[in-house]
Amino acid sequence: MARIDKRFGATDGWIKMPDGTEHYIFGFVDLTGVPEERPALYRGRATLPGPLLEVDEGDEVYLTLTNLGFPGRPELDDTHTIHWHGFPNQIPLWDGVPETSISVPVGRSFTYYFKPADPGTYMYHCHFEPVEHIQMGMLGPLIVRPALEKNPAFAGRLFAYNDTATEYQREVILLLTELDAVAHSRVAAAQPYDWTEYRPHYWLISGRSYPDTVKPADDPSLPGQPFSALIAAQPGEKVLLRFINLGYELHTLQLLGLPLRIIGQDAKLLRGYHGEDLSHSATGLTLAAGQTVDALVTASRPGIYPLYNRSYHKNTNAGLTFGGMVTEFRVVP
Ligand SMILES: [Cu+2]
């Protein structure tokens with residue numbers, strides 16, 4: 001365990017869809033290590049999703065949030081927070097629910113403290129006007145790595161949980177959201193939007209719509225969407241897929257050709273009261289909004305295996321071309 005000091009900025013930005021359209025977002029940027037005179041240079045550079053927050057079980061995490069304001073909406077003085085969704089040990093002051101703690105005004109900073117006790121896959125999001133701020137992009141993945149990895153007997157090996165049966169060689173985060181282009185354009189133009197009329201046009205994995213999902217991380221054509229959703233492995237490797245649903249819809253995903261072993265849900269290893277192994281084999285999985293699922297897949301033989309949303313109307317870019325919540329699992333020798 002160690003002391004971890006991180007700093008995120010809250011600001012706005014733009015993302016692109018494969019059809020060439022651009023969409024205004026709110027979001028976070030990583031300011032960790034940025035000199036004190038420079039954070040303002042990160043205004044307008046939010047990414048979707050926000051930076052990966054990755055810590056070890058037992059770490060003492062100090063996460064400072066600086067509100068950089070919205071260059072695209074300079075009149076909007078919304079405050080922001082960081083809420084660690086599904087974290088059971090939080091003190092209300094640092095839980096990020098603005099009604100019961102503190103939210104951060106433009107130009108100010110606040111430091112959150114977390115001491116993670118339970119490994120697994122989580123998510124964080126802003127909790128100020130959350131219906132708007134989450135859909136606008138103020139969200140990101142959060143991973144707590146198990147203490148087992150620090151055991152000298154297992155040096156250099158990777159585990160999802162404190163159980164040797166959860167060993168893997170590669171991991172991919174698949175963070176699911178949707179995008180209502182009308183809502184985003186109305187927010188960009190400072191117009192009201194009735195969120196009960198939410199109706200997505202794009203379905204995203206880690207901020208991207210297929211075929212952009214399989215482009216590499218930090219692809220220069222997608223500066224606001226730095227995360228790749230391509231799953232690439234060599235034959236025989238075990239791949240941990242960390243599914244996170246931070247959209248507002250229920251999503252059912254299917255992987256064709258390679259069985260999934262569902263080992264964890266909502267940052268809990270699937271074990272019964274008496275330690276029974278409740279992990280199970282599946283061809284697909286369903287995630288409600290706010291849920292996470294950990295699945296192990298053995299890359300048993302070479303090939304390209306599609307991972308896609310079983311609701312076929314979500315396999316599209318705005319209903320015009322094939323795309324959407326689709327990616328590829330490539331097993332290459
Ligand atoms: Cu916010």
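Residues numbered from 1 in each chain as written. Predicted model: local features only at pLDDT ≥ 70, side-chain atom pairs only at ≥ 80, totals over all residues. Heavy atoms only, no water.

*Asks:* Even after reading the chapter, I still don't get the pattern of salt bridges, so can you show me in this structure?
*Replies:* A side chain with one charge can pair with a side chain of the opposite charge if their charged atoms come near. Per the stated rule, a full pass over the model turns up 14 salt bridges. Between Glu54 and Arg145 there is a salt bridge, with the nearest N and O atoms lying 2.5 Å from each other. Taken as a pair, Glu54 in strand β3 (residues 53-56) and Arg145 in strand β8 (residues 139-145) lie far apart in primary sequence, 91 residues in all. Relative accessible area serves as the criterion here: at 39%, Glu54 is assigned to the partly exposed category. When the shortest N-O distance is used, the salt bridge between Lys314 and Glu249 registers 3.3 Å. Within this pair, whereas Lys314 is found in the loop between β21 (303-309) and β22 (316-317), its partner Glu249 is found in the loop between β14 (238-245) and β15 (251-255), the two being separated by 65 residues in sequence. (Salt bridge = Lys/Arg side-chain N within 4 Å of Asp/Glu carboxyl O. Helix = DSSP H or I, 4+ residues; strand = E, 2+ residues; numbered from the N terminus. Buried < 20%, exposed > 50% of the residue type's maximum accessible area, 1.4 Å probe, protein only.)

*Asks:* Which parts of the structure should I look at to understand the coordination of the copper ion?
*Replies:* Six octahedral donors around a metal ideally make angles of 90 or 180 degrees; four tetrahedral donors ideally make 109.5 degrees. With distances of 2.0 to 2.7 Å, the protein atoms coordinating the copper ion are His80 (ND1), Cys126 (SG), His133 (ND1) and Met138 (SD). All donors of the copper ion come from a single chain, and their spacing in sequence reads H-x45-C-x6-H-x4-M. You can see His80 sitting in the loop between β4 (60-67) and β5 (83-85) and its partner Cys126 sitting in the loop between β7 (120-125) and α1 (130-135), a full 46 residues away along the chain. For the pair His80 and Cys126, a shared accessibility class is recorded, and that class is buried. (Donors = N, O, S within 2.8 Å, 3.2 Å for Na, K, Ca; no water.)

*Asks:* How should unusual backbone geometry be read in this particular structure?
*Replies:* For residues that are not glycine, phi is negative in most cases, and the peptide bond is trans in most cases. With an omega of -10°, the peptide bond between Leu48 and Pro49 qualifies as cis. Within the secondary structure layout, Pro49 lies in the loop between β2 (22-30) and β3. Residue Tyr210 is joined to Pro211 through a cis peptide bond whose omega torsion reads 10°. Turning to its location among the elements, Pro211 is positioned in the loop between β12 (202-205) and β13 (231-233). Even without glycine at this site, Asp218 takes up a positive phi of about 60°. What makes Asp218 exposed here is its relative accessible area of 59%. For Ala318, which is not a glycine, the phi torsion comes out positive at approximately 60°. Tracing the chain through its elements places Ala318 in the loop between β22 and β23 (321-322). Relative accessible area serves as the criterion here: at 30%, Ala318 is assigned to the partly exposed category.

*Asks:* It is not clear to me how the side chain of Asp56 should be interpreted in this structure. Could you clarify?
*Replies:* The topology assignment puts Asp56 in strand β3. With a relative accessible area of 19%, Asp56 lands in the buried category. Setting aside its immediate chain neighbours within four residues, Asp56 contacts Pro116, Val144, Arg145 and Lys150. (Contact = heavy atoms within 4.5 Å.)

*Asks:* What am I meant to see in the pairing of β8 here?
*Replies:* Every other side chain in a regular strand lies on the same face of the sheet, so the side chains alternate between the two faces. Burial runs high along β8: 7 of the 7 residues are buried. Covered by surrounding structure in β8 are Leu139, Pro141, Ile143 and Arg145 together with Gly140, Leu142 and Val144, the residues of both alternating faces.

*Asks:* Where do I start with the environment of Gln90 in this structure?
*Replies:* Within the secondary structure layout, Gln90 lies in the loop between β5 and β6 (109-114). Sequence-wise, Gln90 and Gly290 are 200 residues apart; in three dimensions their C-alpha atoms are separated by 17 Å. In this structure, Gln90 is in contact with Asp95, Tyr113 and Phe114, ignoring residues within four places of it in sequence.

*Asks:* So what exactly am I meant to see when it comes to the packing of aromatic side chains here?
*Replies:* Aromatic ring pairs: the centre-centre distance and the angle between the two ring planes describe each pair. Taken as a whole and assessed by the stated rule, the structure comprises 19 aromatic pairs. Ring geometry for Trp84 against Phe87: centres 4.0 Å apart, planes inclined by 20°, an arrangement best described as stacked. Phe87 carries the same exposure label as Trp84, and that label is buried. Their ring planes at 70° and their centres at 5.7 Å tell us that Tyr210 and Phe322 sit as a pair that is edge-to-face. One end of the pair, Tyr210, is in the loop between β12 and β13; the other, Phe322, is in strand β23, with 112 residues separating them in the sequence. (Phe/Tyr/Trp six-rings, centres within 6.5 Å; stacked < 30°, edge-to-face > 60°.)

*Asks:* Could you clarify how one ought to interpret the environment of Pro302 in this entry?
*Replies:* Tracing the sequence through the fold places Pro302 in the loop between β20 (292-298) and β21. Along the sequence, Pro302 and Gly236 sit 66 residues apart, while their C-alpha atoms lie 9.4 Å from each other. Residues within four places of Pro302 in sequence aside, it is in contact with Pro235, Val331 and Pro333.

*Asks:* What is the right way to read the pairing of β12 from this model?
*Replies:* Taking every second residue as pointing to the same face, both faces of β12 are buried, with Tyr202 and Leu204 on one and Trp203 and Ile205 on the other. Here strand β11 (residues 170-179) runs beside β12; their pairing, made up of 4 bridges, is antiparallel. Considered in β12, the bridge of Leu179 is made with Tyr202. (Pairing = 2+ DSSP bridges.)

*Asks:* Help me understand the environment of Val97 in this model?
*Replies:* Here Val97 shows up in the loop between β5 and β6. Residue classification places Val97 among the buried positions, given a relative accessible area of 19%. When near neighbours in sequence (up to four residues on either side) are disregarded, Val97 contacts His83 and His127.

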